[in-house]
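Overview (structure and organization)
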Amino acid sequence: MILTLVAEGLKAMAEAADGHSIQRKRKAITALFPYAVWRERDGQHELLDIIFHLFRAMVAWARHKALGPLLLDGRMFMWCHIEPFVTTLLIEESPDSLKQAIILASPYIPWEDFATKEPLIQLWAAAASTVPYTDDIGQSMVDTLLRIANDASPRPIPAGMWSWLNKRPPLPPVCWGRFRGSTQRVARAVRTLGDTEILKSYLLLIWSEWDEPWWAGLNEMCASLREDFNGIGMEHHRQDLLRQLDNVLGRLDLGPEHPYAKLDTHLIQRSKKRYGKLREVLREVDRETTVTLIRELPRLILLFSPLTTADVYRASLEFYVFTPTSMSIIFRVHNWVSRLLIVPLPVTQLAGAATAGRASCHSSVLQLSLLSSGSL
Amino acid sequence: MNEDSVAIQLNLKPIATLFLWVTRLETAGESRCLHDTRHQFLELWDRIHLADPALAVIYLDVLLSCTDVNGSQVAARPGSERAAGVASMYLLCALSGVGPKSTVVEDIRRRYIGVIPLEADFEGPFCHAMVAIHALSFSSWERRPFEWMDYIPFAREDVSFADTLVRVAHNRRQYGKVPRWVLRFALRSISQDPQPPTSVVADCLTIIAIDLDCDVSSVKSVAPDERCVYI
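Residues numbered from 1 in each chain as written. Chains lettered and ligands numbered in written order. Predicted model: local features only at pLDDT ≥ 70, side-chain atom pairs only at ≥ 80, totals over all residues.

Each helix and strand in chain B was counted, giving 11 helices and 3 strands. Listed by position from the N terminus, the elements making up chain B come as α-α-α-α-β-β-α-α-β-α-α-α-α-α. Taken over 231 residues, chain B has a buried fraction of 38%. Restricting to contacts in chain B with at least 6 residues of sequence separation, those with at least 24 account for 72%. (Helix = DSSP H or I, 4+ residues; strand = E, 2+ residues; numbered from the N terminus. Buried ≥ 20, exposed ≤ 12 C-beta atoms within 10 Å, placed from the backbone. Contact = placed C-beta atoms within 7 Å.)

Here it is as structure tokens:
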């Protein structure tokens, strides 16, 4: 009976979607969580479902009110008080449904306050690997991972955990992990992994019209774009990143229609400035790569030196730029010409030809240039 | 309650006062033979409910006479642990039903603050009741993030303690909010593995329900086991 009363009260609160009421009752809701988990363990899901419904209602409310990620600071809830309890739930013997429940709750846990965070993180990581993937799970994992990575103390994040970023789950507008994840500490930690795919996924997740990169984090991202995404082989990564930045800036340009506009127009201007800087750096890297390509082009053309100089450059551009699927021919030709001397070619003329070519020509020529340079 | 209990109830004040003196004499070591007498009193106290606020001052006197205060360390005097435990529980019971601004509470608060320091660190089996009394006495302490981490439940005392906190929650809700330390007790109790007795779980859920503004008047009279039945 008492639980019926409690459940009905919580349901009414969730249906009203009044974040303010939920926030006022957060202590009672958190106090109820352990009992909901016990029931989940016994196969009764109702109470835990209601509690997650409340969390989601609160996120939706925060989005509607444009209150920003600070509202969902984990300290708002009382999770730190159930740390020993949470630890016991993530052990190997726990059923998947229970692990899943804890993983879904993990973005709301103030990990930085936990005293025994290291074993807890290990348990959390191990539990995540056994739970079937859904967008909700991915979202919780990424959100939590970024928060943990930002903590000042040394974090023993298992290397495999970072690959969750590659799932690129859609993050909610109000996301504490994304907000905290754009610091220099996190950006540097991801760079240190040396995995371009994870690094790109990280940037694609972090860049959002809902959050701006922290200043030091922005500098680290700029350095990463220059050092990790330069070169001709990175062009498709740069295109993905550029597309994301264009999307973010486009949404920031909504002006008064942007949800943040109600809160702070200065924030939007600052976000535009920071994302604009990232786009500028990315374009700069792209331009430098084009110049490199032009410098390398003469060596490429020399592969076909049996033809006259002018014919070679024209033929190579047309042939290899517009028929990129014929790469196998390159190797055959290359074996034949590799013994020939390098003859200087009119670079300015080549540059003009390259820039006058189709916009889509870069990728093919770049790949060709790479292969040729390496071979020579 | 049988006839004997009614008779005892009518004579609570003299009995409580006598108990106080017996405890004091025994604590002072003046009469070891009073030990049996005190034991009989304790048996008596266990049989009846002594939540009368009018007796709160006597309970406090008993409690303080059984307590050693050494700096911030507060512990029951050796040999007086049981008396301290009983006195603290009954004092808490007596305080649980009265408003925070009542004369009784103000009087208890004034006396208590004069002996127990704000930064008290309680030791021993009576500590959970002492923490609750401490929280009710020091308004500034109420907002502290007390975790109940050292709280060790004892089957029987745990049940009556949880039940008393339900009354504290109900009482305080009428004057504002359910205190944090009460909610944290509920959280701490139902986080335990294995779970506490059903009646404790029911009490904890009742505390939560009170904070959620649910009308719990209809479930008060229901047996603890039935209180937990879900939908």
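Counting 134 residues, the largest nonpolar core has Val6 of chain A together with Tyr59, Leu91, Ile207 and Ile208 of chain B as its most contacted members. In terms of residue count, helix H5 (residues 81-96) of chain B provides more of this core than any other element does, 11 residues in total. In this structure, this core is formed jointly by two domains, domain 1 (1-144) and domain 2 (146-231) of chain B, each of which donates at least three residues. Once residues within four sequence positions are removed from consideration, Val6 of chain A is found in contact with Leu32 of chain A together with Leu205, Ile208, Ala209, Leu212 and Cys214 of chain B. (Core = buried A, V, L, I, M, F, W, Y, C linked by C-beta atoms within 7 Å. Domains from an automatic or database assignment.)

Residues and elements named next belong to chain B. Spatial strand order, S1-S2-S3: 3 strands in an open sheet with mixed pairing. The strands lining the two open edges of the sheet, one partner per strand, are strand S1 (67-70) and strand S3 (121-122). As judged from the 4 bridges shared by S1 and strand S2 (residues 73-76), these two strands associate in the antiparallel manner. Pairing of Val69 across the sheet is with Val74, part of S2. (Pairing = 2+ DSSP bridges.)

A separate point is the confidence of the model for chain A. All names here are of chain A. Averaged over all residues, the pLDDT of chain A is 72; the fraction at 70 or higher stands at 64%. Mean pLDDT across the elements of chain A ranges from a minimum in helix H16 (residues 327-337), with 37, to a maximum in helix H11 (residues 196-206), with 96. Taken as a whole, residues 68-75 scores under 50 in pLDDT and shows 21 contacts with residues more than four places along the chain or in a different chain. (pLDDT = per-residue confidence, 0-100.)

This part is about the packing of helix H3 (residues 26-41) of chain A against helix H10 (residues 198-211) of chain B. Between H3 of chain A and H10 of chain B, whose axes approach to 9 Å, the crossing angle comes to 150 degrees. Taken together, the axes of H3 of chain A and H10 of chain B are roughly antiparallel relative to one another. Helix-helix and strand crossings are classified by hand; for H3 of chain A and H10 of chain B the assignment is left-handed. Residues Lys27, Ala28, Ala31, Leu32 and Tyr35 of chain A of H3 of chain A lie in contact with H10 of chain B, whose contacting residues are Leu205, Ile208 and Asp211 of chain B. Here the contact of H3 of chain A with H10 of chain B is composed, by residue class, of 6 nonpolar, no polar and 2 charged. (Axes fitted to C-alpha atoms, helices over the stretch in contact; angles between N-to-C directions. Parallel < 35°, antiparallel > 145°, perpendicular 65-115°, else oblique. Left-handed = near helix turned anticlockwise from the far one by under 90°. Nonpolar A, V, L, I, M, F, W, Y, C, P; charged D, E, K, R; others polar.)

The phi angle at Arg168 of chain A is positive, at roughly 45 degrees, despite the residue not being glycine. Its place among the elements puts Arg168 of chain A in the loop between helix H8 (135-150) and helix H9 (176-181). Among the residues examined, Arg168 of chain A registers 14 C-beta atoms within 10 Å and is labelled partly exposed. Phi at Asp213 of chain B is positive, roughly 65 degrees, even though this residue is not glycine.

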